[in-house]
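One letter stands for each residue in the lines below.
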Amino acid sequence: MTDNLPSLTDADSCLSDSQLEVLKKQYIREGEYVTEQTRFNYAWGLIKSKNRREQTQGVLLLTDIYREVPDRRRECLFYLALGHYKLGNYNDARKFNESLLEFEPNNHQAHALRQQIEDRVAKEGYIGMAIVGGVAAVGTIILTSLLRRK
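Keep in mind it's a predicted model, so treat the numbers as computed, not measured.

Caption draft 1: Examining the packing of helix α5 (residues 73-87) against helix α6 (residues 90-103) more closely. Direction vectors running N to C along α5 and α6 enclose 155°, while the axes themselves pass 7 Å from each other. Taken together, the axis directions place α5 and α6 in an arrangement best described as roughly antiparallel. Seen from above, α5 lies across α6 with left-handed handedness. Each of Arg-74, Leu-77, Phe-78, Leu-80, Ala-81, His-84 and Tyr-85 in α5 lies in contact with α6, whose residues at this interface are Tyr-90, Asp-92, Ala-93, Phe-96, Asn-97, Ser-99, Leu-100 and Phe-103. In terms of residue class, the contact of α5 with α6 is built from 10 nonpolar, three polar and two charged.

Caption draft 2: Layout of the packing of aromatic side chains. Per the counting criterion, the structure on display carries four aromatic pairs. With centroids separated by 5.2 Å and ring planes inclined at 85°, the aromatic side chains of Phe-78 and Tyr-79 adopt a geometry described as edge-to-face. Note on accessibility: Phe-78 and Tyr-79 belong to one class, buried. Ring-pair connections join several aromatic residues into one group, and the members of that group are Phe-40, Phe-78 and Tyr-79. A cation sits over an aromatic face here: Arg-72 above Phe-40, 4.2 Å from the ring centre. Looking at Arg-73, its charged tip hangs above the ring of Tyr-66, at a distance of 5.1 Å from the centre.

Parameters at a glance
- Residues numbered from 1 in each chain as written.
- Predicted model: local features only at pLDDT ≥ 70, side-chain atom pairs only at ≥ 80, totals over all residues.
- Heavy atoms only, no water.
- Axes fitted to C-alpha atoms, helices over the stretch in contact; angles between N-to-C directions.
- Helix = DSSP H or I, 4+ residues; strand = E, 2+ residues; numbered from the N terminus.
- Parallel < 35°, antiparallel > 145°, perpendicular 65-115°, else oblique.
- Left-handed = near helix turned anticlockwise from the far one by under 90°.
- Contact = heavy atoms within 4.5 Å.
- Nonpolar A, V, L, I, M, F, W, Y, C, P; charged D, E, K, R; others polar.
- Phe/Tyr/Trp six-rings, centres within 6.5 Å; stacked < 30°, edge-to-face > 60°.
- Buried < 20%, exposed > 50% of the residue type's maximum accessible area, 1.4 Å probe, protein only.
- Lys NZ or Arg CZ within 6 Å of the ring centre and 35° of its normal.

See the structure below:
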């Protein structure tokens, strides 16, 4: 069952503008009678976009599909987790990924995404600590120089 999901490397790649345009045209062409498959494909393409606004749109569309189509929830969980990851919403990414792992504890893609999320959170935490440390050091230097002037 987990083999139907792409590898994390494939899922993290971006679609070209022309590839996304094909999905968008299909979505628009179907209008009010858009099929769930077309909605999913377009949402998937938006998640794989380089554009943050389009990624957000993809997350919103996938959220609608998740709520409305129980048979697509498994696939939606993975791409919702991936979409939130790409947007930097790591808590939401974790939530959706962990939900997928509850359904499929041996899902290799979800485990790989979990590790990637944790690595990114740790990296950004280190960067944040370095920034705070740098600001504290500059503050100390300024305070020391002000105290010496008195």
